[in-house]
Amino acid sequence: MATRRLHVLGSPVLRERAKDVSGIDEEVRTLVTDLFDTMYAAKGIGLAANQVGVARQIAVVEAEDDQAIVLINPVILERDGKERAEEGCLSIPEIFGDVDRAARIVVETTTTEGARERHEVTGITARAVQHELDHLNGVLFIDHLSPLKRRMLLKKWRKSRKGATGLTIEPSPPAPASP
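Overview of the structure. In this text the structure is predicted, and so the values were computed from the model without any measurement. (Residues numbered from 1 in each chain as written. Predicted model: local features only at pLDDT ≥ 70, side-chain atom pairs only at ≥ 80, totals over all residues. Heavy atoms only, no water.)

Here we look at helix α2 (residues 123-136)
Look at α2: 21 Å from first C-alpha to last across 14 residues, which is about the 20 Å you get at 1.5 Å a residue. Within the span of α2, buried status applies to Thr 125, Ala 126, Arg 127, Ala 128, Val 129, Gln 130, His 131, Glu 132, Leu 133, Asp 134, His 135 and Leu 136. Gly 138 occupies a position one or two residues after α2 and carries a positive phi of about 75 degrees. (Helix = DSSP H or I, 4+ residues; strand = E, 2+ residues; numbered from the N terminus. Expected span 1.5 Å × (residues − 1). Buried < 20%, exposed > 50% of the residue type's maximum accessible area, 1.4 Å probe, protein only.)

Focus on the environment of Gly 88
Considering the arrangement of structural elements, one finds Gly 88 in the loop between β5 (83-87) and β6 (97-101). Overall, the relative accessible area of 27% leaves Gly 88 in the partly exposed class. Taking the C-alpha atoms as reference points, Gly 88 and Glu 78, separated by 10 residues in sequence, lie 24 Å from one another. Those residues in contact with Gly 88 that sit more than four places away from it in its chain are Ile 95, Phe 96, His 131 and Phe 141. (Contact = heavy atoms within 4.5 Å.)

What about the nonpolar core?
Formed by 17 residues in total, the largest nonpolar core has its most connected members in Val 32, Leu 35, Leu 47, Ile 58, Val 60 and Ile 72. Elements represented by at least two residues in this core include exactly α1 (26-41), β3 (58-61) and β4 (69-80). Take this core: its biggest share by element is six residues, from α1. Not counting the four nearest positions on each side in its chain, Leu 47 is found in contact with Leu 6, Leu 35, Thr 38, Met 39, Val 52, Ala 59, Val 60, Leu 90 and Glu 132. Formed by 16 residues, the second largest nonpolar core is a distinct cluster that contains Val 61, Leu 71, Ala 126 and Ala 128. (Core = buried A, V, L, I, M, F, W, Y, C linked by side-chain atoms within 4.5 Å.)

Observations concerning a positive patch on the surface
On the surface, Lys 155, Arg 158, Lys 159 and Lys 162 cluster together into a positively charged patch. Position of Lys 159 relative to the elements: it lies in helix α3 (residues 147-160). (Patch = residues over 30% accessible without salt bridge, like charges linked within 9 Å, V, L, I, M, F, W, Y side chains within 5 Å. Areas by Shrake-Rupley, 256 points an atom, 1.4 Å probe, with all protein chains shown as cover. Salt bridge = Lys/Arg side-chain N within 4 Å of Asp/Glu carboxyl O. Lys, Arg positive; Asp, Glu negative; His and termini not counted. Charge placed at Lys NZ, Arg CZ, Asp CG, Glu CD.)

Quick notes on the pattern of salt bridges
Following the criterion strictly, the structure yields 15 salt bridges and no others. Between Asp 34 and Arg 4 there is a salt bridge; the shortest N-O distance is 2.9 Å. With Asp 34 in helix α1 and Arg 4 in the segment before β1 (6-7), this residue pair connects regions lying 30 residues apart in the sequence. Taking relative accessible area as the criterion, Arg 4 reaches 26% and is therefore assigned partly exposed. Among the salt bridges present, the one from Arg 29 reaches Glu 26, with a minimum N-O distance of 3.7 Å. Taken together, the residues span about one helical turn, with Arg 29 and Glu 26 both in helix α1 at a distance of three residues. Arg 29 gets classed as partly exposed once you look at its relative accessible area, which sits at 27%. According to the relative accessible area criterion, Glu 26 is exposed, its value standing at 53%. Within the structure, one salt-bridge network assembled from shared partners comprises Glu 78, Asp 80, Arg 104 and Glu 120.

So, in structure tokens, the structure goes:
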């Protein structure tokens, strides 16, 4: 199991548009495995490569049991419907906001074997895929919020980081809520 440090809000790599993957090799496969390991360690449902400091078009999602999806050079081909739900992000721990996303999408991606495949997903999986694709384009979920809500959450984020140094953290599950 190889986990990587998570980049948090303020890290420049989170605002970069990730570069396309030109070919599938052992380095790409290792990164995919590390992304899954890091996501599981942090108890997340998705993780993009730039969240671990690698600006490449690679992300992983496992929002529902046994539906692990590898996203390499992903492209959304279809979007239908609209749903609003609360989102959070491993790169902005303990910050949440309601975001509108397509209810159903079809995404085309490259597999770790180099083949192109399509996934039709709905619900939480569709939301997670769209969230991770945003990361690959340098967009964070807070960018979808109203300016007032975004300012409020950024103030909360700065307060939670008071005294913290650095722009990376170890992947760890969120602390349990207090009673």
